[in-house]
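# Working through the structure, step by step
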Amino acid sequence: MDKIYFDYASTTPADPCVVAAMGPYLDGQFGNPASPHAFGREALKAIEDARETVARSIGAHPEEIIFNSGATEGNNHALLGAVRSLRDKGRHIIISAVEHPSIERPAAYLESEGCPVTYLAVNREGLVDPQQIKEALTDETILVAVMHANNEIGTIEPVEEIGKIMRARGILFLVDAVQTAGHVPVDVERLGADFLTMSAHKFYGPKGVGALYVRRKTKISPFLMGGDQERGRRASTQNPAGIVGLAKALTVCLENMPQEMATQIRLRDQLLTEIPRRIQDVVVNGHSTARLPNNSHFSFEGLSGESLLMSLDMAGICASMGSACKAGSMVPSRILSAIGLSDELAHGALRLTIGRWTTQAHIDYLLEQLPVAVRNLRV
Ligand code: PMP
């Protein structure tokens with residue numbers, strides 16, 4: 001039986017043209033970009049071209065892009081680096097209650113080190129209220145982090161509005177754009193971001209490579225210390241193949257964005273309307289309109305999400321409860337608790353995320369198999 005992939009938010013297959021673009025930098029053009037000889041110069045040129053591409057794709061300048069190992073590193077770097085550099089200005093940080101663990105955990109660490117942290121509640125649809133952020137700001141606030149879109153329930157946050165408030169107050173704004181970069185328009189000026197993070201493997205690029213945008217003149221101490229790579233802001237030999245792959249993947253996404261968004265919204269909406277129509281006692285989680293084109297998320301009463309995933313897997317359908325980071329854990333998702341779901345509904349979660357290679361036939365097969373799986377588990 002063929003396997004059908006409904007877990008694009010967890011990771012995506014690399015596009016074949018991305019793999020082709022990376023090949024030379026793993027083979028003949030293998031140089032270390034820090035080497036002054038011809039091999040090094042070739043690799044350096046590829047990295048700088050990629051930096052230009054990535055910068056242009058988010059409305060930034062090339063020197064504002066730091067290549068790294070992915071958004072976990074980018075989020076840790078932005079939070080810890082900014083707090084270290086701004087020690088004299090203040091220590092208070094604000095994060096939304098639905099941030100990814102790569103922001104929530106460093107924030108909790110900073111809290112344990114004596115930095116006051118405010119966790120902003122979200123409403124039933126997962127939205128942060130910009131007014132509440134305004135009220136939480138103090139003279140000591142140095143950084144606010146609100147993700148562009150949530151990885152579990154797909155809610156797109158009012159980041160532009162929050163960014164405006166932060167810029168007016170001169171407070172740093174960190175935007176985790178992991179689920180949006182390459183999928184919906186992302187522009188650092190429009191979002192008012194001072195830091196923005198992305199991971200290539202979420203938009204058909206390779207794993208283990210990402211980019212951190214840092215607005216010009218923003219102070220940030222390095223997170224990895226060592227060599228002078230990335231203008232002294234991120235030590236370690238760069239990954240030319242990965243960086244070329246990231247830039248190529250982003251280029252392909254931008255070229256195809258309007259069509260891909262339209263197709264995915266059409267397929268996603270079938271899931272959002274047909275699943276509650278075909279199955280009783282289902283809750284749709286997330287926002288009805290401010291939602292990622294590729295995300296649908298449900299809670300089923302009277303069953304465990306783990307069992308549902310296993311049944312679907314046996315039918316060749318690969319899905320998720322919401323977050324790869326929670327796999328195997330019985331603790332209800334922090335995000336689902338934050339939107340006010342009962343433990344029972346949080347345990348019956350199912351996230352179906354689609355992507356470049358999802359077809360109508362995949363959707364039809366899912367819509368046929370899911371009611372059967374739910375019915376068998378509920379008896
Ligand atoms: N932020 C969000 C919203 C994510 O979905 C993820 C990946 N699940 C990350 C950060 C971390 O990305 P990576 O695992 O590539 O470091």
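Residues numbered from 1 in each chain as written. Predicted model: local features only at pLDDT ≥ 70, side-chain atom pairs only at ≥ 80, totals over all residues. Heavy atoms only, no water.

### What about the pairing of strand 8 (residues 210-214)?
Each regular strand carries side chains that alternate between the two faces of the sheet. Definition in use: Three labels apply to residues, based on accessible area from a 1.4 Å probe with only protein chains included: buried if under 20% of the type maximum, exposed if over 50%, partly exposed otherwise in between. To qualify as a helix, a DSSP run of H or I must reach at least 4 residues; to qualify as a strand, a run of E must reach at least 2; elements of each kind are numbered from the N terminus. Note on pairing: two strands pair once DSSP finds at least 2 bridges between them.
Within strand 8, 5 of the 5 residues are buried, leaving the element largely enclosed by the surrounding structure. Along strand 8, one buried face is formed by Gly210, Leu212 and Val214 and the opposite face, lined by Ala211 and Tyr213, is buried too. Sheet topology note: the strand 2 (residues 65-68)/strand 8 ladder contains 4 bridges and is antiparallel. Note on strand 8: the bridge partner recorded for Phe67 is Ala211. Summarising the sheet, strand 7 (residues 195-199) and strand 8 pair through 5 bridges and their orientation is antiparallel. What sits directly across from Thr197, in strand 8, is Leu212.

### Examining the sheet that holds strand 10 (residues 295-300)
Through backbone hydrogen bonds, the strands of a sheet pair up, either in parallel or in antiparallel fashion. Applicable threshold: Lines are fitted to the C-alpha atoms to define the axes, a helix being fitted only along its stretch in contact, and any angle between axes, read from their N-to-C directions, falls within 0 to 180 degrees.
Spatially, 9-10-12 is the arrangement adopted by the 3 strands of the open sheet, whose pairing is antiparallel. A single partner strand is all that each edge strand has here, and the edge strands are strand 9 (282-284) and strand 12 (349-353). Shown here is a sheet whose adjacent strand axes are inclined to one another by a mean of 25°, direction ignored. Summarising the sheet, strand 9 and strand 10 pair through 3 bridges and their orientation is antiparallel.

### Remarks on the site of the ligand
Using the following cut-off: A molecule or strand has a residue near it when one of that residue's heavy atoms lies within 4 Å. N or O atoms within 3.5 Å of each other form a polar contact, as long as, within protein, one can give a hydrogen and the other can take it, and as long as residues adjacent in sequence are counted only when both atoms are side-chain atoms. Accessible areas in this description were obtained via Shrake-Rupley with a 1.4 Å probe; residue shielding takes into account the shown protein chains only. For this classification, Asp, Glu, Lys and Arg are treated as charged, while Ala, Val, Leu, Ile, Met, Phe, Trp, Tyr, Cys and Pro are nonpolar and the rest, including Gly, are polar.
Around the ligand sit 13 residues in total, of which Thr72, Asp176, Ser199, His201 and Lys202 are the nearest. Interatomic distance of 3.5 Å between a backbone N/O atom of Ala71 and an oxygen atom of the ligand. Ser199 places a polar side-chain atom, nitrogen or oxygen, 2.6 Å from an oxygen atom of the ligand. Relative to its unbound accessible area of 400 Å², the ligand is 85% covered by the protein chains. Among the residues making up the shell around the ligand, the classes are represented as 3 nonpolar, 8 polar and 2 charged.

### So, unusual backbone geometry
Phi is positive for Tyr204, close to 75°, though the residue is something other than glycine. Taking the relative accessible area as the measure of exposure, Tyr204 reaches 1% and is therefore buried. Within the chain, Glu230 stands out as a residue other than glycine whose phi angle is a positive 50°. Assignment of secondary structure puts Glu230 in the loop between strand 8 and helix 8 (240-278).

### Focus: the domain arrangement of the protein chain
Using the following cut-off: Where each domain starts and ends comes from a domain assignment, either automatic or drawn from a database. Accessible surface is computed with a 1.4 Å probe, and the buried area is the amount of it that two parts give up when combined, taken over both parts together. Salt bridges, as used here, are contacts in which a Lys or Arg side-chain nitrogen is within 4 Å of a carboxyl oxygen on Asp or Glu.
Domain assignment breaks the protein chain into domain 1 (4-12 + 257-378) and domain 2 (16-252). For domain 1 and domain 2, the distance between their C-alpha centres works out to 27 Å. In total, domain 1 and domain 2 occlude about 2900 Å² of area from one another, counting both sides; carbon and sulfur atoms represent 54% of this. Joining domain 1 to domain 2, the criterion identifies 1 salt bridge.

### Concerning helix 3 (residues 71-85)
Heads up, the rule is: A helix is expected to span 1.5 Å multiplied by its residue count minus one.
Helix length check: helix 3 (15 residues) gives 20 Å between terminal C-alpha atoms against 21 Å at 1.5 Å per residue, within 8%. Counting buried positions along helix 3 gives 12 out of 15 residues, so the element sits mostly inside the fold. For helix 3, the complete set of buried residues consists of Ala71, Glu73, Gly74, Asn75, Asn76, His77, Ala78, Leu79, Leu80, Gly81, Ala82 and Val83.

### Overview of the packing of aromatic side chains
For clarity, the threshold we go by: Only Phe, Tyr and Trp rings are paired, with Trp represented by its six-membered ring, and only when their centres lie within 6.5 Å; those with planes under 30 degrees apart are stacked, over 60 edge-to-face, the remainder tilted. Distance and angle both matter: a charge sits over a ring if NZ of Lys or CZ of Arg is within 6 Å of the ring centre and within 35 degrees of the ring normal.
Counted under the stated rule, the structure contains 5 aromatic pairs. Considering the side-chain rings of Tyr5 and Tyr8, the 5.1 Å spacing of their centres and the 65° angle between planes classify their relative orientation as edge-to-face. Among the aromatic residues, those joined into a cluster by ring pairs are Tyr5, Tyr8, Tyr204 and Trp357. In this structure, Arg356 is placed above the aromatic ring of Tyr204, and the distance from its NZ or CZ to the ring centre is 3.9 Å.

### Quick word on the state of the cysteines
The cut-off we apply is this: Note on disulfides: each one is a pair of cysteine sulfur atoms within 2.5 Å.
Under the counting rule described, the total for this entry stands at 0 disulfides. Cysteine Cys253 is unpaired, with the sulfur of Cys17 as its nearest cysteine sulfur at 9.4 Å. Cys253 gets classed as buried once you look at its relative accessible area, which sits at 0%.

### With respect to empty space enclosed by the protein
To find the voids left in a structure, one rolls a probe of water-molecule size over its atoms. The following threshold applies: A pocket here means an open set of points on a 1 Å grid, computed over the protein atoms alone, that has protein on both sides within 12 Å along at least five of seven lines. A cavity is instead a set of points where a 1.4 Å probe fits but cannot get out; residues with an atom within 4 Å of a point line either one. Grid points are joined across faces, edges and corners, and a volume is the space filled by probe spheres set on the points.
Tallying each qualifying case throughout the model produces 1 cavity of 30 Å³ or more. Empty space within the largest cavity amounts to approximately 50 Å³. Contributing to the lining of the largest cavity are Gly182, His183, Tyr204, Cys253, Met257, Glu260, Met261 and Gln264. Taken together, the residues of the lining of the largest cavity break down into 4 nonpolar, 3 polar and 1 charged. The two domains that each donate at least three residues to the lining of the largest cavity are domain 1 (4-12 + 257-378) and domain 2 (16-252).

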